[in-house]
Amino acid sequence: MSNLQQIDKQYVAGTYNRFPVEIVSGKGSLVYDENGKEYIDMGSGIGVTAFGIADEEWVAAAAAQLAKVQHMSNLYYTEPCALLARELCTRTGMAKVFFANSGAEANECLIKVARKYAAEKKGPEYSTIVTLKNSFHGRTLTTLSATGQEHYHELFQPLTPGFVHGEAGDLEGIKALAKQEKAAAILIECVQGEGGVIAMEQDFVKGLAAFCKEEDILFMVDEVQTGNGRTGQLYAYMNYGVQPDALSTAKGLGGGLPLGAALMSQKVENVLGFGDHGSTFGGNPVCCAGALSILKRIDDKLLAEVRRKAEYIREQLEGAKGITGITGMGLMVGIKTEKPAGEVLKALMEKGVLCLTAKDKVRLLPALNIPMDVLERAVNAIKDVCAE
Ligand SMILES: *Cc1c(COP(=O)(O)O)cnc(C)c1O
């Protein structure tokens, strides 16, 4: 073990099972370790570096703002924050944005919006948030409560009350649950990421949205992982012909800087008023300047490119030796393999390809602009390792 790895093991909290590799530099979809070995980055920091490592346009946008004003309290206006909020609203039909620093925090904001909206509209007993089993919504105590996976809950009782979990795909069951529990909101991922890269069915999502509208329950979508071009549309809900009342996003939004956002539709745009919510770092001008440059580049041409690359991956891997299925949407890909996913990951790392897992699957979240020849090399390596 290298000296640095020893220091990290000794002093950094043991919450991560790191691979024995130190990443020291990179460019686009290629990264390099301490020995100069090159890897193709098929995980992009778990869907964060939307345009890869040290992307020039993004660096220029963030660095220019860094040299101007790196932070200002939310007592004053700053340009990147206002312009990014306008861009997000224009592109989604939403009305207002609250900026946070992470996915979990963006979800916390959605939950506060739902609770306050329902309490004022229907009464404080309408406080329950319905989420899905096998979902993932974050690591704070409240977003853990929202997360429908018991193994995340066990050691941290008591969690925030007011969350129930329905079965993905079971529209009637969730309707009954929402009524029985006096739901304020239903919160879903259109494609469950951590839960194993599982896309929801069209009818299920449409049915939930219609039911929420009828019952004046907020329909909220967690786009932390699926957002910002990942699924081949700007936001994943756009693949389903629905319009959420509110959505959260983070990961790819900042292109590598910590930024989360809660987007609120006209229906709930005024729910949060003075003093109802806040964040010291939220809306940081450097993060917002970087994000603005990212969003502007996620145009129709880029989204078509994302869909084309997704199609290529699916065509190549579906039915390949040692691969039993492909799931997901766009450049959010789950691969079911005959070999254990962990073994595949290790072999790929040796071949110079960094991938992720999600439950029992190998998961790919490459940069949206990964060059085709680099993608081909990675896909061939995956095929080779799975076939061995
Ligand atoms: C990653 C993720 C989160 C949590 O985001 P953090 O930035 O780690 O707080 C929440 N929801 C989904 C769907 C995610 O994929």
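This is a predicted model, so every value here is computed, not measured.

Cut-offs and rules
- Residues numbered from 1 in each chain as written.
- Predicted model: local features only at pLDDT ≥ 70, side-chain atom pairs only at ≥ 80, totals over all residues.
- Heavy atoms only, no water.
- Helix = DSSP H or I, 4+ residues; strand = E, 2+ residues; numbered from the N terminus.
- Rg over C-alpha atoms; globule rule 2.2 N^0.38 Å.
- Buried < 20%, exposed > 50% of the residue type's maximum accessible area, 1.4 Å probe, protein only.
- Areas by Shrake-Rupley, 256 points an atom, 1.4 Å probe, with all protein chains shown as cover.
- Lys, Arg positive; Asp, Glu negative; His and termini not counted.
- Charge placed at Lys NZ, Arg CZ, Asp CG, Glu CD.
- Near = heavy atom within 4 Å.
- Polar contact = N/O pair within 3.5 Å; in protein donor to acceptor, adjacent residues only side chain to side chain.
- Nonpolar A, V, L, I, M, F, W, Y, C, P; charged D, E, K, R; others polar.
- Pairing = 2+ DSSP bridges.
- Axes fitted to C-alpha atoms, helices over the stretch in contact; angles between N-to-C directions.
- Contact = heavy atoms within 4.5 Å.
- Left-handed = near helix turned anticlockwise from the far one by under 90°.
- Salt bridge = Lys/Arg side-chain N within 4 Å of Asp/Glu carboxyl O.
- Expected span 1.5 Å × (residues − 1).

1. Digging into the overall build of the protein
And step 1. A count of helical and extended segments in the protein gives 13 helices and 17 strands.
And step 2. For 388 residues, the compact-globule estimate of 2.2 N^0.38 gives 21 Å, and the protein sits close to it at 21 Å.
And step 3. Counting the 388 residues in the protein, one finds 54% classified as buried.
And step 4. A total of about 17500 Å² of accessible surface is found on the protein, and carbon and sulfur atoms cover 53% of it.
And step 5. Treating the 40 positive side-chain charges of the protein as one cloud and the 47 negative ones as another, the clouds have centres 2 Å apart.

2. Side note on the site of the ligand
And step 1. In the region of the ligand, the neighbouring residues are Ser102, Gly103, Ala104, Asn107, Phe136, His137, Gly138, Glu189, Asp222, Val224, Gln225 and Lys251.
And step 2. Within the side chain of Asp222, a nitrogen or oxygen atom sits 2.8 Å from a nitrogen atom of the ligand.
And step 3. One nitrogen or oxygen atom from the side chain of Lys251 is found 2.6 Å from an oxygen atom belonging to the ligand.
And step 4. Protein chains bury 81% of the 390 Å² of accessible surface belonging to the ligand in isolation.
And step 5. With three residues, the single largest contributor to the shell around the ligand is helix H5 (residues 103-121).
And step 6. In terms of residue class, the shell around the ligand is made up of three nonpolar, six polar and three charged.

3. Notes on the pairing of strand S12 (residues 260-264)
And step 1. Of all five residues in S12, five are buried; the element is thus mostly enclosed.
And step 2. Neither face of S12 is left uncovered, since the one carrying Gly260, Ala262 and Met264 and the one carrying Ala261 and Leu263 both have all their residues buried.
And step 3. Here strand S4 (residues 96-100) pairs with S12 via five bridges, running antiparallel. Bridging from a neighbouring strand, Ala100 pairs with Gly260 of S12.
And step 4. In terms of strand pairing, strand S11 (residues 246-249) meets S12 through four bridges, oriented antiparallel. Across the sheet, the residue bridging to Ala246 is Met264, located in S12.

4. Some remarks on the sheet that holds S11
And step 1. Spatially, S4-S12-S11-S10-S7-S5-S6 is the arrangement adopted by the seven strands of the open sheet, whose pairing is mixed. Each end of this open sheet is capped by a strand with a single partner; those strands are S4 and strand S6 (163-166). Across the sheet, the axes of successive neighbouring strands diverge by a mean angle of 20°, strand direction being ignored.
And step 2. Of the strand pairs in this sheet, strand S10 (residues 218-223) and S11 are connected by four bridges, and their pairing is parallel. The residue bridging Met220 from the neighbouring strand is Ala246, located in S11.
And step 3. Against the sheet, H5 contacts S4, strand S5 (128-132), S6, strand S7 (183-188), S10, S11 and S12, and its axis sits at roughly 175° relative to S10.

5. A few points about the packing of helix H4 (residues 79-92) against helix H10 (residues 285-297)
Helix packing geometry: the angle between the two helix axes and the distance between the axes.
And step 1. Here H4 crosses H10 at 35°, and the two axes come no closer than 8 Å. In the crossing of H4 with H10, the sense of the turn from one axis to the other is left-handed. On H10, the residues that touch Pro80, Cys81, Leu83, Leu84, Glu87, Leu88 and Arg91 of H4 are Pro285, Cys288, Ala289, Ala291, Leu292, Leu295 and Lys296.
And step 2. Looking at the contact of H4 with H10 residue by residue, the class counts come to eleven nonpolar, no polar and three charged.

6. Regarding the environment of Glu38
And step 1. If you trace the backbone, Glu38 turns up in strand S3 (residues 38-41).
And step 2. With a relative accessible area of 33%, Glu38 lands in the partly exposed category.
And step 3. Residues Glu38 and Val205 lie 167 residues apart in sequence; the distance between their C-alpha atoms is 41 Å.
And step 4. When near neighbours in sequence (up to four residues on either side) are disregarded, Glu38 contacts Leu30, Val31, Tyr32, Gly352 and Arg377.

7. Digging into the pattern of salt bridges
And step 1. In total, this model carries 18 salt bridges according to the counting rule given.
And step 2. Here Glu56 and Lys27 are joined by a salt bridge, their closest N and O atoms 3.6 Å apart. In this pair, Glu56 is assigned in helix H3 (residues 56-68) and Lys27 in strand S1 (residues 23-27), connecting sequence segments 29 residues apart.
And step 3. Taken together, the shared-partner salt bridges in this structure form one network comprising Asp55, Glu57 and Arg297.

8. Digging into H10
And step 1. Between the first and last C-alpha of H10 there are 19 Å, a value that for 13 residues agrees with the 18 Å anticipated at 1.5 Å per step.
And step 2. H10 sits mainly inside the fold: twelve of its 13 residues count as buried.
And step 3. Of the residues making up H10, those classed as buried are Pro285, Val286, Cys287, Cys288, Ala289, Gly290, Ala291, Leu292, Ser293, Ile294, Leu295 and Arg297.
And step 4. Tucked into the core, H10 has its buried residues touching H3, H4 and helix H11 (300-317).
And step 5. Between the side-chain oxygen of the N-cap and the backbone nitrogen of Val286 there are 2.9 Å, and the N-cap of H10 in question is Asn284.

9. Here we look at the sheet that holds strand S17 (residues 361-364)
And step 1. Across the sheet, which stays open at both edges, the four strands sit in the order S13-S14-S17-S16 with antiparallel pairing between neighbours. Sheet topology places strand S13 (323-329) and strand S16 (356-358) at the edges, where each strand pairs with a single neighbour. Ignoring strand direction, the axes of neighbouring strands in this sheet form an average angle of 30°.
And step 2. Sheet topology note: the strand S14 (residues 332-337)/S17 ladder contains three bridges and is antiparallel. By the bridge assignment, Ile335 is partnered in S17 with Val362.
And step 3. Set on the sheet, H11 makes contact with S13, S14 and S17; between it and S13 the angle comes to about 165°.
And step 4. Relative to the sheet, helix H12 (residues 341-350) contacts S14, S16 and S17, its axis offset from that of S17 by approximately 45°.

Everything listed here is a matter of geometry and, on its own, says nothing about what the molecule does.
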